[in-house]
Amino acid sequence: LDLPDIDITDRRQVIRMVSGAAPDVVFHLAAWTDVDGAEEQEEQALLVNGEGTRNVAIACREAGSTLVAVSTDYVFPGTGGPYQEDSATDPIQAYGRTKLAGERLAELEYPDGTRIARTAWLYGAHGRNFVDTMIGLGSDPSRDHVDVVADQTGCPTWTKDLCPALVNVAGLPPGIYHCAGGGSTTWADLCREAFRLAEVHCEVHDTTTEAFDRPAPRPEVSVLEVTQEGAPRLRAWEDALADYIRERS
């Protein structure tokens, strides 16, 4: 379900829809994901990511459904890492704060039925993503280079790998799990590898986060480490990216 069929900020509607479906598991994927927009409209982002997640948790509790709620690496400050599931959270931007609020509210309302699955740097067949955007830019014959941030490090994650991992998490005990691509890289090196695999002949020039001057600060290092027993471990990001490039072409 998605808008306009359901609005997660409407608690009564969410309870009605979940109870009517009587699902074994609810995968809560709805979110305010515009990081810069959240910085300028934190109250609205909190309504979706915080209260909206609370509403889904309450609906799941009343229906007796397992809840798997997707969260983000941005709940961490990004000054250290790699981060384990129980590492101290301290988001540095509104988006991270609102997602962390959603985590805490879900666990508060439904501690016995909530699984939090943190992921990062998503790309896939549906919707806009970094890999497709950069390949599109690099394929422009009038362009000889692209400037890409090289001072942020994270875990690129293919949604096709994430989906079965979320199903796996649904069968695990309540708690927090990290579900991101194995290994880590920078945005610039991710772009280089995508260009190599897609045979895009365009240079990648390293630049800094500061050079882009965006409203919301980004974590420097937000690598997610998997330590929970039985938790799914996604394959290396390089292998996943290679398969994605083959599929998209």
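For the structure, check the block above.
Residues numbered from 1 in each chain as written. Predicted model: local features only at pLDDT ≥ 70, side-chain atom pairs only at ≥ 80, totals over all residues. Heavy atoms only, no water.

Let us look at the overall build of the protein. For the protein, the count of helices and strands is 9 helices and 10 strands. Taken over the C-alpha trace, the protein has a radius of gyration of 18 Å; the compact-globule value for 249 residues is 18 Å, and the two agree within 12%. Considering only C-alpha atoms, the protein reaches an extent of 55 × 35 × 35 Å along its principal axes. Expressed as a percentage of the 249 residues in the protein, the buried residues total 50%. When contacts within the protein are restricted to residue pairs at least 6 apart in sequence, those whose partners lie at least 24 apart make up 83%. Accessible surface, the protein: about 12,300 Å² in total, of which carbon and sulfur atoms supply 48%. Positive and negative side-chain charges in the protein, numbering 21 and 41 respectively, have mean positions lying 5 Å apart. (Helix = DSSP H or I, 4+ residues; strand = E, 2+ residues; numbered from the N terminus. Rg over C-alpha atoms; globule rule 2.2 N^0.38 Å. Buried < 20%, exposed > 50% of the residue type's maximum accessible area, 1.4 Å probe, protein only. Contact = heavy atoms within 4.5 Å. Areas by Shrake-Rupley, 256 points an atom, 1.4 Å probe, with all protein chains shown as cover. Lys, Arg positive; Asp, Glu negative; His and termini not counted. Charge placed at Lys NZ, Arg CZ, Asp CG, Glu CD.)

We now examine the pairing of strand β1 (residues 25–28). What you see with β1 is a clean split: Val26 and His28 sit on the buried side and Val25 and Phe27 on the side with no burial. Relative to strand β2 (residues 66–72), β1 runs parallel, the two sharing 4 bridges. Paired with Val25 across the bridge in β2 is Thr66. (Pairing = 2+ DSSP bridges.)

The subject of this paragraph is the packing of helix α3 (residues 42–63) against helix α4 (residues 94–109). At their nearest, the axes of α3 and α4 sit 8 Å apart, and the two run at 20 degrees to each other. Between α3 and α4, the angle is such that the two are roughly parallel. Handedness of the crossing formed by α3 with α4: right-handed. Contact with α3, carried on its side by Glu42, Ala45, Leu46, Asn49, Gly50, Glu51, Thr53, Arg54, Ala57, Ile58 and Arg61, involves Ala94, Tyr95, Arg97, Thr98, Lys99, Ala101, Gly102, Leu105, Ala106, Leu108 and Glu109 of α4 and no other residues of that element. When its residues are assigned to classes, the contact of α3 with α4 shows 10 nonpolar, 5 polar and 7 charged. (Axes fitted to C-alpha atoms, helices over the stretch in contact; angles between N-to-C directions. Parallel < 35°, antiparallel > 145°, perpendicular 65-115°, else oblique. Left-handed = near helix turned anticlockwise from the far one by under 90°. Nonpolar A, V, L, I, M, F, W, Y, C, P; charged D, E, K, R; others polar.)

With that settled, the discussion passes to a negative patch on the surface. On the surface, Asp151, Glu210, Asp213 and Glu220 cluster together into a negatively charged patch. Here Asp151 is to be found in the loop between β5 (145–149) and β6 (153–154). (Patch = residues over 30% accessible without salt bridge, like charges linked within 9 Å, V, L, I, M, F, W, Y side chains within 5 Å. Salt bridge = Lys/Arg side-chain N within 4 Å of Asp/Glu carboxyl O.)

Tracing the chain through its elements places Gln44 in helix α3. Between the C-alpha atoms of Gln44 and Thr98, which are 54 residues apart in sequence, the distance is 9.6 Å.

Further remarks concern the packing of aromatic side chains. The way to describe two aromatic rings as a pair is by their centre distance and the angle between their planes. Per the stated rule, a full pass over the model turns up 6 aromatic pairs. Look at Phe76 and Tyr83: their rings are 4.3 Å apart centre to centre, the planes differ by 5 degrees, and that puts the pair in the stacked class. Judged by relative accessible area, which is 7%, Tyr83 ranks as buried. Residues Trp121 and Trp187 carry aromatic rings whose centres are separated by 3.6 Å and whose planes lie at 10 degrees to one another, so their mutual orientation is stacked. Here Trp187 lies in helix α7 (residues 187–198) and Trp121 lies in the loop between β3 (114–119) and β4 (122–123), a separation of 66 residues in the sequence. (Phe/Tyr/Trp six-rings, centres within 6.5 Å; stacked < 30°, edge-to-face > 60°.)

So, on to helix α6 (residues 159–170). Between its terminal C-alpha atoms α6 stretches 17 Å, which fits the 16 Å expected from 12 residues at 1.5 Å a residue. Turning to α6, its buried residues number three or more, namely Asp161, Leu162, Ala165, Leu166, Val169 and Ala170. (Expected span 1.5 Å × (residues − 1).)

Another point: the side chain of Thr98. Within the element layout of this structure, Thr98 appears in helix α4. For Thr98, a relative accessible area of 1% gives the class buried. Engagement of the side chain of Thr98 in a polar contact is seen with the backbone oxygen of Tyr95, the distance being 2.8 Å. (Polar contact = N/O pair within 3.5 Å; in protein donor to acceptor, adjacent residues only side chain to side chain.)

Before going further, it helps to examine the packing of helix α5 (residues 130–138) against α7. For the pair α5 and α7, interaxial distance at closest approach is 10 Å and the crossing angle is 65 degrees. Crossing of α5 against α7: the hand is right-handed. From α5, Phe130, Val131, Met134, Ile135 and Gly138 reach across to α7, where they touch Trp187, Leu190, Cys191, Ala194, Phe195 and Ala198.

With that settled, the discussion passes to the sheet that holds β3. Two pairing modes exist for strands in a sheet, parallel and antiparallel, and in both the strands are linked by backbone hydrogen bonds. In space, the 4 strands of this open sheet follow the order β1-β2-β3-β8, with parallel pairing throughout. The open sheet is flanked by β1 and β8 (175–178), the only strands paired with a single partner. Between one strand axis and the next, the sheet turns through 20 degrees on average, direction left out of account. Bridge analysis of β2 against β3 gives 6 bridges, and the strand direction is parallel. Paired with Leu67 across the two strands is Thr114, which belongs to β3. Along the sheet face, α4 touches β2, β3 and β8 and points at about 160 degrees away from the line of β2. Each of β1, β2, β3 and β8 is contacted by α6, which is oriented at about 135 degrees to β2, the strand it contacts most.

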